[in-house]
Amino acid sequence: MTEILVHDATGGAIAAAQRVVEHPAWPALKDAVEQIRPWQSKDGSIDFEAEDAPSPAAAEEAVGRVTAAVEELSPLLPHDAAYHRALVADLRRWAADGFGVPDFLDSLLAFQPAKSRADGLQHLVVFAMYTQNGNPDRNLEAVVLRMVWPDWLAELEATRYDNPLFCGITFEDFTSGYDTNSAVLFPETIAVREAPERFSWGGIFCDREAARFRRVTEASVDLLGLELPDDIRAMIGDQQRCEQAFVLWDMVHDRTHSHGDLPFDPFMIKQRQPFWMYGLEELRCDLTAFKEAVKLDAEGNAHGRDVQYAVLFDRMFRFPVTGERVRNYDGLGGQLLFAYLHKHDVIRWTDNTLKIDWDRAPQVTNQLCAEIEKLYRDGIDRPKLVHWFAAYDLVSQYLSPHPGSTWAKGPDALDLTLPPRKLVDDVLPDEFPLSMFYEALAKKLKHVIASTKGITAAGAEQAAA
């Protein structure tokens, strides 16, 4: 095991812990967690009456191995000492209470990674949690990660894109819940007795995002015959460069959820709305990151152009053909961006070859962002249902609704005596189906998309080699 130097946000060198994943207690911790996971129910509890259930003594022994491993590894990570003490207490209480629904509130409150965002700093995280876009059950998970916080990013956050809760992170190693499509570590996924008044951090794995972006983009470019500028081709071939683009994109995207002329709760998961509203919100945040990247590029920031094409290619190539066609709001946003650029003649699909007007792409993409921003600004003066229809009209200018759609027929086709949230039931699971172009692309990219499950930076580099 070796000691490395990392840099804090002010540029000073600090000593980093030896690599947690090289310590023998890490595989012991993983093994114990993987033994516990199959015993757990959807809510994280252990039903000792279930078939193949362990004895209470066996479950206690396995949790004992988890706590012993955490205590052995914790000295490598003195910045997490308070969290690890609370974690051990939460695990022991779970066992002492008979392995009911787990409660990790105390350790969650003790884990404060955003307070010391030092580039390269390691964290060992263990929680009962679901993994977004991964495992839907609150199983025990363990993950070792590193903070991504280079000096240039810290400077932008401090002076331009304030986001004190944002954590750019990369994987070191993980248990089964992250051998999935999940690329986030969010506190709201963790099993707790009550939700805290506010969360104090949120982490996004830029290495996984960059790795799957590279794999899907390379395959798409090859399939579509797209000719790339030399600098963008070089970016797609460079994992570290892509990670830097994604961590900047994510930081700006994340803060945009609470910035702008917002006619509604920006965290719309708290409400029941048609999925195109979620799609427009996510696309608005991405296009805001794009708009800021155009400004940074004009100012000479080396990451500005990379972010622009990370947004364009991930949105147009990966998002529309990833996941199920059931309320796929990210897929909808990708379809909308492609259709908008196509109808404004920035993209041409001719002779089975995709061509992009690189000079006009920034201007027209920013134009779509402006249309969504106007929708939001006007929405402040509209009733909720009127706003939903205005958003539907914007999307349906560029994407054809399903021919069986009730919403496409307009307000007269809906029972307007019902509250708006009830009218969401009339939205089809795939209200805006894939175009013929995307249907064909989805078939050709199916295996490539599947191959990105659980991908890491190491996997991307192995594939490139």
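Procedures and definitions
- Residues numbered from 1 in each chain as written.
- Predicted model: local features only at pLDDT ≥ 70, side-chain atom pairs only at ≥ 80, totals over all residues.
- Heavy atoms only, no water.
- Pairing = 2+ DSSP bridges.
- Helix = DSSP H or I, 4+ residues; strand = E, 2+ residues; numbered from the N terminus.
- Disulfide = S-S within 2.5 Å.
- Buried < 20%, exposed > 50% of the residue type's maximum accessible area, 1.4 Å probe, protein only.
- Core = buried A, V, L, I, M, F, W, Y, C linked by side-chain atoms within 4.5 Å.
- Contact = heavy atoms within 4.5 Å.
- Phe/Tyr/Trp six-rings, centres within 6.5 Å; stacked < 30°, edge-to-face > 60°.
- Lys, Arg positive; Asp, Glu negative; His and termini not counted.
- Salt bridge = Lys/Arg side-chain N within 4 Å of Asp/Glu carboxyl O.
- Expected span 1.5 Å × (residues − 1).
- Axes fitted to C-alpha atoms, helices over the stretch in contact; angles between N-to-C directions.
- Parallel < 35°, antiparallel > 145°, perpendicular 65-115°, else oblique.
- Left-handed = near helix turned anticlockwise from the far one by under 90°.
- Nonpolar A, V, L, I, M, F, W, Y, C, P; charged D, E, K, R; others polar.

Draft legend 1. Just the sheet that holds strand β4 (residues 139–148), in detail. The five strands are arranged β3-β4-β5-β7-β6 in an open sheet whose pairing can be described as mixed. Either end of the sheet is taken by a strand with one partner, and the two such strands are β3 (122–129) and β6 (184–185). Across two bridges, the pairing between β6 and strand β7 (residues 202–205) is antiparallel. Pairing of Val184 across the sheet is with Ile204, part of β7.

Draft legend 2. Structural context of the state of the cysteines. One pass over the structure, following the stated rule, counts zero disulfides. A disulfide-free cysteine, Cys206 has its sulfur positioned 11 Å from the sulfur of Cys242, the nearest such atom. The class for Cys206 is buried, based on a relative accessible area of 0%. The thiol of Cys369 is unpaired, and the distance to the nearest cysteine sulfur, on Cys285, comes to 9.5 Å. Of the residues examined, Cys369 reaches a relative accessible area of 0% and is grouped as buried.

Draft legend 3. Inspection of the nonpolar core at higher detail. Counting 146 residues, the largest nonpolar core has Leu29, Phe313, Met316 and Trp407 as its most contacted members. Sorting elements by how many residues they give to this core places helix α9 (residues 275–298) first, with 10 residues. Excluding anything up to four places from it in sequence, Leu29 contacts Val66, Ala69, Val70, Leu73, Leu124, Val126 and Ala142.

Draft legend 4. Main features of the packing of aromatic side chains. Evaluation of the coordinates by the stated rule reveals 31 aromatic pairs. Here the aromatic rings of Tyr340 and Tyr398 are separated by 4.9 Å at their centres, their planes lie at 55°, and the arrangement is tilted. With a gap of 58 residues between them, Tyr340 in helix α11 (residues 329–343) and Tyr398 in the loop between α13 (384–396) and α14 (420–423) connect regions that are remote in the sequence. You can call Tyr340 buried: its relative accessible area is 0%. Aromatic ring contacts, followed pair by pair, group Phe275, Trp276, Trp388, Phe389, Tyr392, Trp407 and Phe432 into a single cluster.

Draft legend 5. Fine view of the side chain of Asp80. Tracing the chain through its elements places Asp80 in the loop between α2 (56–73) and α3 (81–96). For the buried Asp80, no salt bridge is present, and the opposite-charge side chain at shortest range is Arg85, 11 Å distant. The contacts of Asp80, once residues within four sequence positions are left out, are Phe111, Gln122, His123 and Leu124.

Draft legend 6. Summary view of the pattern of salt bridges. Counted under the stated rule, the structure contains 30 salt bridges. Between Arg255 and Asp162 there is a salt bridge, and its shortest N-O distance comes to 2.6 Å. Residue Arg255 is located in helix α8 (residues 239–256), and its partner Asp162 is located in the loop between α5 (151–159) and β5 (166–174); the two are separated by 93 residues in the primary sequence. On the basis of relative accessible area, Arg255 is assigned to the buried category, the value being 14%. Across the salt bridge formed by Arg318 and Asp314, the nearest N and O atoms sit 3.0 Å from each other. Here Arg318 pairs with Asp314, and both are found in helix α10 (residues 304–318), just four residues apart, close to one helical turn. Of the residues examined, Arg318 reaches a relative accessible area of 10% and is grouped as buried. Since its relative accessible area comes to 2%, Asp314 is described here as buried. If you follow the salt bridges from partner to partner, you end up with Asp90, Arg93, Asp103, Asp106 and Arg193 in one network.

Draft legend 7. Highlighting unusual backbone geometry. Even without being glycine, Phe99 reaches a positive phi, approximately 65°. Among the secondary structure elements, Phe99 is positioned in the loop between α3 and α4 (105–110). The exposure class assigned to Phe99 is buried, which follows from its relative accessible area of 2%. Of note in this structure, Asp351 is not a glycine but carries a positive phi near 55°. Assessed through its relative accessible area of 72%, Asp351 is described here as exposed.

Draft legend 8. Seen up close, α13. Given a rise of 1.5 Å per residue, 13 residues ought to cover 18 Å, and the 18 Å separating the end C-alpha atoms of α13 matches this to within 8%. Among all positions in α13, only Leu385, His387, Trp388, Phe389, Ala390, Ala391, Tyr392, Leu394 and Val395 are buried. Of the surrounding secondary structure, the elements contacted by the buried residues of α13 are α9, α11, α12 (361–379) and α14.

Draft legend 9. Fine view of the pairing of β4. Of all 10 residues in β4, 10 are buried; the element is thus mostly enclosed. Across the two faces of β4 the burial is the same, with Asn139, Glu141, Val143, Leu145 and Met147 and Leu140, Ala142, Val144, Arg146 and Val148 all buried.

Draft legend 10. Just the packing of α9 against α12, in detail. For the pair α9 and α12, interaxial distance at closest approach is 9 Å and the crossing angle is 135°. As judged from the angle between their axes, α9 and α12 are oblique. In this structure, α9 meets α12 at a crossing whose hand is left-handed. Taken together, the residues of α12 that come into contact with α9 (itself represented by Leu280, Glu281, Leu283, Arg284, Leu287, Thr288, Phe290, Lys291 and Val294) are Ala361, Pro362, Thr365, Asn366, Leu368, Cys369, Ile372, Glu373, Leu375 and Tyr376. Grouping the constituent residues of the contact of α9 with α12 by class yields 12 nonpolar, three polar and four charged.

Draft legend 11. A look at the environment of Glu292. Counting through the fold element by element, Glu292 comes out in helix α9. On the basis of relative accessible area, Glu292 is assigned to the buried category, the value being 13%. Those residues in contact with Glu292, other than ones at most four positions away along the chain, are Arg160, Tyr161 and Val252.

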